Amino acid sequence: MKQRRATKPVYVGDVKVGGGANITVQSMTKTDTRDVAATVRQIHELEEAGCEIIRSAVPDMEAAQAMAEIKKQIHIPLIADIHFHYQLALECLKGGVDCLRLNPGNLRDEAQVRQVVDSAKERGIPIRIGVNFGSLPPVGGIGRTRGFSRHMDLVNKLPKSGEDSDSDYSVVDHMVATALWEISLLEDQDFDQIKISMKAFDVPTTVEAYTRLADMVPYPLHLGVTEAGTLLSGSIRTAVGLGELLYQGIGDTIRVSLAGDSTDEVAAGYEILKSLNLRRKGAILVACPSCGRADVDVIKLANDVDALLKKSNKEIRVAVMGCEVNGPGEAKDADVGIAAGAGRAVIFRKGLKVRVVAEEDMLTALMEEVEKTEVAAEGSTQL
Ligand code: SF4
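Residues numbered from 1 in each chain as written. Predicted model: local features only at pLDDT ≥ 70, side-chain atom pairs only at ≥ 80, totals over all residues.

**Re the overall build of the chain**
Here is step 1 of the chain: Helices and strands together make up the secondary structure of the chain, namely 11 helices and 15 strands.
Here is step 2 of the chain: In terms of overall size, the chain behaves like a compact globule, its C-alpha atoms giving a radius of gyration of 23 Å where 383 residues would be expected to give roughly 21 Å.
Here is step 3 of the chain: Within the chain, the proportion of its 383 residues that are buried is 44%.
Here is step 4 of the chain: Within the chain, contacts between residues separated by at least 24 positions form 63% of all contacts whose residues are at least 6 apart in sequence. (Helix = DSSP H or I, 4+ residues; strand = E, 2+ residues; numbered from the N terminus. Rg over C-alpha atoms; globule rule 2.2 N^0.38 Å. Buried ≥ 20, exposed ≤ 12 C-beta atoms within 10 Å, placed from the backbone. Contact = placed C-beta atoms within 7 Å.)

Shown next, in the form of structure tokens:
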């Protein structure tokens, strides 16, 4: 795994992004932002799930005004997601949001962007430049507001990453040029509290866009695959794209976009980071898939253990293995492990065999050992 790319840190509220900080997991609310009570309720659920930064859509002035009240009632930094209207960004800044997300595809008037940057700079608030395949400016229309129809933007005619084409200008070229245009506007105003995202649904395009930009600018990157899909397909799609980038040392904060519960986005985000040993959050369950050799119902046991571990939220590695083939090896490698045999199971703790228990006592005995195990705090494992 490559060393993490060095970036200029920004602070979203009190959360450091980039500059070697932990890679943070963020999400977005799915409520009507104007409904303050519902939005705050959802954010509290997300805080409970471990979400570290939250973003809410700001489609109109009522939503922009609601952001001030939402901000007062939550404990994690709040980002205002702005498209089309710069006045909404100004209102959100006035209301005390911790960061703005601006879309350079649909907020293309230089003078308006400059006003927003002035206000953000005055308040020390960072801006994410959120480039998104679905809302890129028309080809030839970066930073231009007149003379283009949204429906004739020619973006869909550009080749995606890896596609054969006669064109020497690709979607990735257009995404990078779009990002660079807005970066230069911000830099012209001596503003460097910048984060950038380069999202597309197409994974190779997403990976290439981030990789190209990572070599060109010093700013932290917010990673995501846009409109990734439902829980299973969206998590896999995102994990493939983000896994590649994170392995290359690229990425400072992530969001898994799912057509589903936002708490699942947070859980999926941590699973991706845990898979690369980039974060610790809750337990890591090593579970064998079961096969004809299994001596016990290992799938049920793994699911029972998983449910109990989620409740305890302890940062621990637990192995549940169905027979003696890989069981002892994996179980010994975990903080606590169980290797089942015919009618009984051996429990290991930190590599040592601690108990042999009857099949009916496996779950209770394993969880007792989990409770007894001391684990180091996350800071000590930061990679
Ligand atoms: S650990 Fe045993 S039961 Fe589980 S998959 Fe491997 S061989 Fe099958």
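**Regarding the site of the ligand**
Here is step 1 of the chain: As a matter of local geometry, the ligand sits amid 13 residues, with Cys288, Cys291, Ala294, Gly322 and Cys323 nearest to it.
Here is step 2 of the chain: Counted by class, the shell around the ligand contains 8 nonpolar, 4 polar and 1 charged residues. (Near = placed C-beta within 6 Å. Nonpolar A, V, L, I, M, F, W, Y, C, P; charged D, E, K, R; others polar.)

**Considerations on unusual backbone geometry**
Here is step 1 of the chain: With a phi angle near 65°, Phe84 is a residue other than glycine that sits in the positive phi range.
Here is step 2 of the chain: Take Phe84: there are 13 C-beta atoms within 10 Å of it, and that puts it in the partly exposed class.
Here is step 3 of the chain: A positive phi angle is found at Lys350, which is not glycine, with a value near 50°.
Here is step 4 of the chain: Note on Lys350: 14 C-beta atoms within 10 Å, which makes it partly exposed.

**Describing the environment of Val320**
Here is step 1 of the chain: With respect to the helices, strands and loops of the structure, Val320 is situated in strand E12 (residues 317-321).
Here is step 2 of the chain: In sequence terms Val320 and Cys288 are 32 residues apart; their C-alpha atoms lie 6.6 Å from each other.
Here is step 3 of the chain: Excluding residues within four positions of it along the chain, Val320 makes contact with Leu285, Ala287, Val298, Leu301, Ala302, Val305 and Ile338.

**What about the domain arrangement of the chain?**
Here is step 1 of the chain: Parsing the chain into structural domains produces domain 1 (10-275) and domain 2 (284-376).
Here is step 2 of the chain: Of note, the centres of domain 1 and domain 2, computed from C-alpha atoms alone, are 40 Å apart. (Domains from an automatic or database assignment.)

**Let's talk about the packing of helix H7 (residues 231-247) against helix H8 (residues 262-275)**
Here is step 1 of the chain: H8 packs onto H7 with a crossing angle of 35° between their chain directions and a minimal axis gap of 10 Å. You can see that H7 and H8 cross each other, and the crossing is right-handed. Across the interface between the two elements, Leu231, Ser235, Thr238, Ala239, Leu242 and Gly243 of H7 pack against Asp264, Ala268 and Ile272 of H8.
Here is step 2 of the chain: Of the residues assigned to the contact of H7 with H8, the class counts are 5 nonpolar, 3 polar and 1 charged. (Axes fitted to C-alpha atoms, helices over the stretch in contact; angles between N-to-C directions. Left-handed = near helix turned anticlockwise from the far one by under 90°.)

**Some thoughts on the sheet that holds strand E5 (residues 78-82)**
Here is step 1 of the chain: The parallel open sheet is built from 8 strands, whose spatial order is E8-E7-E6-E5-E4-E3-E10-E9. Of all strands in the sheet, those bounded by a partner on one side alone are strand E8 (194-199) and strand E9 (222-223).
Here is step 2 of the chain: Taken together, the 6 bridges between strand E7 (residues 127-132) and E8 define a ladder with parallel strand orientation. Bridging from a neighbouring strand, Gly130 pairs with Ser197 of E8.
Here is step 3 of the chain: Seen against the sheet, helix H5 (residues 171-188) touches E7 and E8 and runs at an angle of roughly 160° to E7.
Here is step 4 of the chain: Sheet strands in contact with helix H6 (residues 203-214) are E8 and E9, and its direction is about 150° off that of E8. (Pairing = 2+ DSSP bridges.)

**Some points on the sheet that holds strand E15 (residues 352-358)**
Here is step 1 of the chain: Ordered in space as E11-E12-E13-E14-E15, the 5 strands form an open sheet in which the pairing is mixed. Of all strands in the sheet, those with a lone pairing partner are strand E11 (284-287) and E15, marking the two edges. Direction aside, neighbouring strands of the sheet carry axes that sit 15° apart on average.
Here is step 2 of the chain: Sitting on the sheet, helix H11 (residues 362-372) is in contact with E12, strand E13 (336-341), strand E14 (344-349) and E15, with an inclination near 160° to E13.

**Some details on the pairing of E12**
Here is step 1 of the chain: With 4 of 5 residues buried, E12 lies mostly within the body of the structure.
Here is step 2 of the chain: Here E11 pairs with E12 via 4 bridges, running parallel. Each residue of the ladder has a partner; that of Ile284, found in E12, is Arg317.
Here is step 3 of the chain: As paired strands, E12 and E13 are joined by 4 bridges and run parallel to one another. Counterpart to Ala319 in the pairing with E13 is Gly337.

**Brief notes about helix H4 (residues 110-123)**
Here is step 1 of the chain: Between its first and last C-alpha, H4 extends 20 Å over 14 residues, near the 20 Å set by a 1.5 Å rise per residue.
Here is step 2 of the chain: The set of residues buried in H4 consists of Val113, Val116, Val117 and Ala120. Down the axis of H4, the smallest arc covering the buried residues is 100°, so these residues share one side. Exposed residues lying more than 90 degrees from the buried face of H4 are Ala111 and Glu122.
Here is step 3 of the chain: Buried residues in H4 make contact with helix H3 (86-94), strand E6 (99-102), E7 and H5.
Here is step 4 of the chain: Backbone geometry just after H4 places Gly124 at a positive phi near 70°. (Expected span 1.5 Å × (residues − 1). Arc of directions from axis to C-beta.)

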